[in-house]
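The chain contents come next:
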Amino acid sequence: EGISGCGVWYLPTYLINGTPKPKLVGQIIEQNNSKTILISTRIHLAMEVLRTKFELDIPASTITRLKNE
């Protein structure tokens, strides 16, 4: 209902010094029926799939490693 695909952002320094340094950490994939819970996927997994399967020039994840087929 319009929320899927939105980014989940981490703002570690926003409240400390007023200079946001956003980091994309996830993507909303669904919500519950009462619209009180958002469900997301972690972005490092999606980026690692894109990097390996489509041979994109992006940094490798330091969290996830995909097995070679």
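Before any of the text, the structure's been laid out above.
The sections below set out a description of the structure shown in this document. What you see is a predicted model, and the numbers here were worked out from it, not measured in a lab.

## What about the overall build of the chain?
(1) Moving on: Counting its regular elements, the chain contains two helices and three strands.
(2) Moving on: The 69 residues of the chain split such that 10% are buried.

## Structural notes on unusual backbone geometry
(1) Moving on: At Lys35, a residue that is not glycine, the phi angle is positive and equals roughly 60 degrees.
(2) Moving on: Turning to its location among the elements, Lys35 is positioned in the loop between strand 2 (23-31) and strand 3 (38-42).
(3) Moving on: The phi dihedral of Glu55 is positive, around 50 degrees, even though this residue is not glycine.
(4) Moving on: Residue placement: Glu55 occurs in the segment after helix 2 (43-53).
(5) Moving on: For Glu55, a relative accessible area of 71% corresponds to the exposed category.

## Here we look at the side chain of His44
(1) Moving on: Structurally, His44 can be placed in helix 2.
(2) Moving on: On the accessibility criterion, His44 (18% relative accessible area) is buried.
(3) Moving on: For His44, the contacting residues outside a window of four places in its chain are Ser61, Ile63 and Thr64.

## Side note on the sheet that holds strand 1 (residues 7-10)
(1) Moving on: Pairing is antiparallel across the open sheet formed by three strands, whose spatial order is 1-2-3. One side of each edge strand has no neighbouring strand; the edge strands of this open sheet are strand 1 and strand 3. Across the sheet, the mean angle from the axis of one strand to that of its neighbour is 40 degrees, orientation sign disregarded.
(2) Moving on: Here four bridges tie strand 1 to strand 2, and the two strands are oriented antiparallel to one another. Bridge pairing links Trp9 to Leu24 in strand 2.
(3) Moving on: Across the sheet, helix 2 lies against strand 2 and strand 3, angled at about 45 degrees from strand 3, the strand it touches most.

## A few points about a nonpolar patch on the surface
(1) Moving on: On the surface, Met47, Leu50, Phe54 and Leu56 cluster together into a nonpolar patch covering about 370 Å² of accessible area.
(2) Moving on: When you line up the elements, Met47 lands in helix 2.
(3) Moving on: Overall, Met47 belongs to the partly exposed group, its relative accessible area being 34%.

Rules used throughout
Residues numbered from 1 in each chain as written. Predicted model: local features only at pLDDT ≥ 70, side-chain atom pairs only at ≥ 80, totals over all residues. Heavy atoms only, no water. Helix = DSSP H or I, 4+ residues; strand = E, 2+ residues; numbered from the N terminus. Buried < 20%, exposed > 50% of the residue type's maximum accessible area, 1.4 Å probe, protein only. Contact = heavy atoms within 4.5 Å. Pairing = 2+ DSSP bridges. Axes fitted to C-alpha atoms, helices over the stretch in contact; angles between N-to-C directions. Patch = residues over 30% accessible without salt bridge, like charges linked within 9 Å, V, L, I, M, F, W, Y side chains within 5 Å. Areas by Shrake-Rupley, 256 points an atom, 1.4 Å probe, with all protein chains shown as cover. Salt bridge = Lys/Arg side-chain N within 4 Å of Asp/Glu carboxyl O.

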